[in-house]
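This is what each chain is made of:
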Amino acid sequence: MALDQHTIARLAEHLETAELQARDVTKITDDHPEMDWADAYAIQEAIRARKEARGHRTVGLKCGLTSYAKMKQMGVDSPVFGFVSDYMACPEGSTIPMAGLIHPKVEAEICIVTKAPLTGPGCHVGAVLAAIDFVIPGVEIIDSRYRDFKFDLKSVIADNTSASRFVTGGRARRPDDLDLRTLGVVLEKNGEIVAMAAGAAVMGHPAAAVAALANHLGARGQSIPAGTFIMTGGVTEAIAVQAGDQVNVRFQDLGSVSMRFA
Ligand code: 0L1
Ligand code: MG
């Protein structure tokens, strides 16, 4: 690691304060070009520890930048991993206030809940499919703390991969009843279709994103416990939203997820 513990703690406070005050900042590698991948995840871990110390539960894990559409949109070439906290969960059909957000975008995500632990290295799609309890449709509201979403991968990892809010809805289904690769997703904003994709847009199979997460954690001596909620990453590019926008995402076989921004 290139940064000392004091700098990691200071950068975690800086980024979390920006999140909680809905205030944008410049990317942290501008001031810390020497920062390495371990530093980036250490800053994210410190943000998670700050939230948990205040009593917020970590309620899930997220894979980000797992689709070609998202990688192309953000000009990057590898997935990233983060977490979601209890206060980020919004009910299906709810109105999400823009007041606590900077410049939100929505992403349609195929989500899963595990029934068995997953451990890397060597985790693969087959192991993930055997460990999935159920699949549930979701929408992630990302809100990078970086001005104009201008960042590099290390900065965005430190910023908990832009995690901000999420909504789950529709109906949960067993993985055996679905083909996650061909599962179609249609994203509507204000009644108009603005993006669509199939599950295979996520690394060829959404379970591949979960395997990548397990392998990432395995390299750090961690694993995915049974009962973990995981967002596998946006199937399409992220769509910017403003106050007054209504978003509805239709998932083949899984129902729909909707929300309004005000
Ligand atoms: O969930 C995501 O794909 C977000 C990853 C971070 C990059 C971004 O803010 O788009
Ligand atoms: Mg996402």
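Residues numbered from 1 in each chain as written. Chains lettered and ligands numbered in written order. Predicted model: local features only at pLDDT ≥ 70, side-chain atom pairs only at ≥ 80, totals over all residues. Heavy atoms only, no water.

Turning our attention to the site of ligand 1. By nearness alone, 13 residues border ligand 1, and Lys62, Leu65, Lys70, Glu140 and Ser162 come closest of all. In this structure, an oxygen atom belonging to ligand 1 sits 2.7 Å away from a side-chain N or O atom of Lys70. Between ligand 1 and Glu140 there is a distance of 2.9 Å, counted from an oxygen atom to a side-chain nitrogen or oxygen. Taking 300 Å² as the accessible area of ligand 1 by itself, protein coverage stands at 100%. Here ligand 1 occupies the largest cavity. Mapped by element, the contributors of at least two residues to the shell around ligand 1 are β1 (58–64), α3 (68–74) and β6 (132–142). Tallied by class, residues from the shell around ligand 1 come to 6 nonpolar, 3 polar and 4 charged. (Near = heavy atom within 4 Å. Polar contact = N/O pair within 3.5 Å; in protein donor to acceptor, adjacent residues only side chain to side chain. Areas by Shrake-Rupley, 256 points an atom, 1.4 Å probe, with all protein chains shown as cover. 1 Å grid on protein atoms, 1.4 Å probe; cavity = no way out; pocket = protein on both sides within 12 Å on 5 of 7 lines; lining within 4 Å. Sits in = over half its atoms within 2 Å of the grid points. Helix = DSSP H or I, 4+ residues; strand = E, 2+ residues; numbered from the N terminus. Nonpolar A, V, L, I, M, F, W, Y, C, P; charged D, E, K, R; others polar.)

On to the sheet that holds strand β4 (residues 95–96), then. Spatially, 5 strands are ordered β4-β13-β12-β8-β9 in an open sheet, and the strand pairing comes out mixed. The open sheet is flanked by β4 and β9 (192–198), the only strands paired with a single partner. Direction of pairing for strand β8 (residues 184–189) relative to β9: antiparallel, over a ladder of 6 bridges. Bridge pairing links Gly184 to Ala198 in β9. (Pairing = 2+ DSSP bridges.)

Counting residues in each nonpolar core, the largest one holds 76 residues, and the members touching the most others are Ile43, Val106, Phe251, Met259 and Phe261. It is helix α6 (residues 206–218) that contributes the most residues to this core, 8 residues altogether. Excluding residues that lie within four positions of it along the chain, Met259 makes contacts with Ser94, Ile96, Val139, Ile141, Val167, Asp245, Gln246 and Val247. Grouped together as the second largest cluster of nonpolar side chains are 9 residues, Val84, Val113, Ile136 and Met231 included. (Core = buried A, V, L, I, M, F, W, Y, C linked by side-chain atoms within 4.5 Å. Buried < 20%, exposed > 50% of the residue type's maximum accessible area, 1.4 Å probe, protein only. Contact = heavy atoms within 4.5 Å.)

For the rest of this paragraph, the subject is the coordination of the magnesium ion (ligand 2). The protein atoms that coordinate the magnesium ion (ligand 2) are Glu107 (OE), Glu109 (OE) and Glu140 (OE), at distances of 2.0 Å. Each donor residue of the magnesium ion (ligand 2) belongs to the same chain, with the gaps between them written as E-x1-E-x30-E. Pair noted here: Glu107 is in strand β5 (residues 105–114) and Glu140 is in strand β6, with a separation of 33 residues, a long-range link. In this structure, Glu107 and Glu140 share a single accessibility class: buried. (Donors = N, O, S within 2.8 Å, 3.2 Å for Na, K, Ca; no water.)

What follows is about the UniProt feature "domain: Fumarylacetoacetase-like C-terminal" (unreviewed entry) in the chain. Here, the residues flagged by UniProt with the feature "domain: Fumarylacetoacetase-like C-terminal" (unreviewed entry) are residues 90–260. Counted over residues 90–260, helix gives 15% and strand 37%. Its end C-alpha atoms are 11 Å apart. (UniProt positions renumbered as here; feature names shortened; annotations may be inferred.)

Here we take up unusual backbone geometry. Of the consecutive residues Gly120 and Pro121, the connecting peptide bond is found in the cis state with omega at 5°. With respect to the helices, strands and loops of the structure, Pro121 is situated in the loop between β5 and α4 (125–131). The phi dihedral of Thr161 falls on the positive side, at around 50°, and the residue is not glycine. Residue placement: Thr161 occurs in the loop between α5 (153–158) and β7 (163–168). Residue classification places Thr161 among the buried residues on the basis of a relative accessible area of 6%. In the Ramachandran plot, Met203 falls in the positive-phi region, its phi being about 55° despite a non-glycine side chain. Within the element layout of this structure, Met203 appears in the loop between β9 and α6.

Scanning all chains against the criterion turns up 2 cavities of 30 Å³ or more. Reported here for the largest cavity is a volume of approximately 120 Å³. Considering the residues around the largest cavity, the lining is formed by 16 residues, among which Leu65, Lys70, Ile142, Thr161 and Ser162 are closest to the centre. When residues of the lining of the largest cavity are traced back to their parent elements, those giving at least two are β1, α3, β5 and β6. Looking at which element gives the most residues to the lining of the largest cavity, the answer is β1, with 3 residues. Per-class residue counts for the lining of the largest cavity are 7 nonpolar, 4 polar and 5 charged. Its boundaries defined by the atoms lining it, the second largest cavity holds a volume of some 40 Å³. (Points joined across faces, edges and corners; volume = space filled by probe spheres on them.)

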